[in-house]
Amino acid sequence: MTQQEMKKIAAKAALAFVTPDTIVGVGSGSTVNCFIDELASMKDKIKGAVAASKASEERLRSHGIEVFNANEVTELDVYIDGADEITPQGAMIKGGGAALTREKIVSALAKKFVCIVDGSKQVNVLGSTFPLPVEVIPMARSYVARELVKLGGSPEYREGVVTDNGNVILDVHHFEILEPLKMEHTINNIAGVVTNGIFAQRFANVTIVGTPKGAKIIE
């Protein structure tokens, strides 16, 4: 079974967490694209969605699903998103698609975070396989990079990438994150950082893993 097929299995299983007649929080990325395509099958049963990226907004609209601005809602019943890495405790690294800030905003509105992944994204320690994205205000790029080096990482400027918010991304390599919540707060306190891709304060309440044997649900 291919990785794409396992993503589709996880995405389809996530529909069970969508409550009819609500607005759904939707993340971004390849696995979320599978979820959006599945969500189209029940578009007449929901009010619409709040999306974490412009690309997801466009995909939702292409299926005829109404898109709401985050400022138009007070809370969301559920937020569905993928992850670049996720631990058994539900802490994640996100931001491979450079939408981490908006993903944090939309996930903060949700009562429940459901993370959909294939098995390759499961790790015991964050930073094991994927660099940590940090969204940075452009004028602070070099300063933030030096501060990240002090924390033990090897930051690399993601050239040619501008976020939906007009900022840049530093990818921090060789960065074993043993205390995700503490490191999330430490990096966010560096002047010029918009946010970083550690999702530990807002961790996943449910993880759905697509496997060749079907969807594995971890709560």
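Structure shown above.
First, a word on what this report is: a plain description of the structure on this page.

About the thresholds
The residue numbers shown here count from 1 along each chain, following its written sequence. Residues qualify for local features only when their pLDDT is at least 70, as the model is predicted, and side-chain atom pairs are given and counted only at 80 or more; totals for whole chains, interfaces and linings, by contrast, use all residues. As a rule here, side-chain values come from all non-hydrogen atoms in the structure, and water together with hydrogens is ignored. For two strands to pair, DSSP has to find at least two bridges joining them. Helical segments are the DSSP runs of H or I of at least four residues, strand segments are the runs of E of at least two, and each set is numbered from the N terminus. By the convention used here, residues are in contact when the closest approach between their heavy atoms is within 4.5 Å. Inter-axis angles, ranging from 0 to 180 degrees, are taken between N-to-C directions of lines fitted to C-alpha atoms, where helices are fitted over the stretch in contact. Relative accessibility under 20% of the residue-type maximum defines a buried residue, over 50% an exposed one, and the middle range a partly exposed one, all with a 1.4 Å probe and only protein chains included. For classification purposes, an angle smaller than 35 degrees is called roughly parallel, one larger than 145 roughly antiparallel, one from 65 to 115 roughly perpendicular, and anything else oblique. Handedness of a crossing is defined here by the sense of rotation of the near helix relative to the far one, left-handed for an anticlockwise turn of less than a right angle and right-handed for a clockwise turn. In this classification, the charged set is Asp, Glu, Lys and Arg, the nonpolar set is Ala, Val, Leu, Ile, Met, Phe, Trp, Tyr, Cys and Pro, and all remaining amino acids, among them Gly, are polar.

On to the sheet that holds strand β4 (residues 79-81), then. With mixed pairing, seven strands are arranged side by side in an open sheet as β3-β2-β1-β4-β7-β13-β14. This sheet does not close on itself; its edge strands, each paired only once, are β3 (67-68) and β14 (214-218). Packing of helix α2 (residues 30-39) onto the sheet brings it into contact with β1 (23-26), β4 and β7 (113-118), and relative to β1 it is tilted by some 160°. Strands β1, β2 (48-51), β4 and β7 of the sheet are contacted by helix α4 (residues 100-108), whose axis makes an angle of about 150° with β4.

The residue Asp21 is not glycine, and still its phi comes out positive at about 65°. Following the sequence through the fold, Asp21 ends up in the loop between α1 (3-13) and β1. The class of Asp21 is exposed, set by a relative accessible area of 52%. Positive phi values are uncommon outside glycine, yet His174 reaches one of about 55°.

Between α1 and α2, the least distance of the axes is 8 Å, while the angle of their chain directions is 50°. Considering their axes alone, α1 and α2 lie oblique with respect to each other. Both α1 and α2 take part in a crossing whose hand is right-handed. Residues Gln4, Lys7, Lys8, Ala11 and Lys12 of α1 form the contact with α2, whose own contacting residues are Ser30, Thr31, Cys34, Phe35 and Glu38. Split by residue class, the contact of α1 with α2 holds three nonpolar, three polar and four charged.

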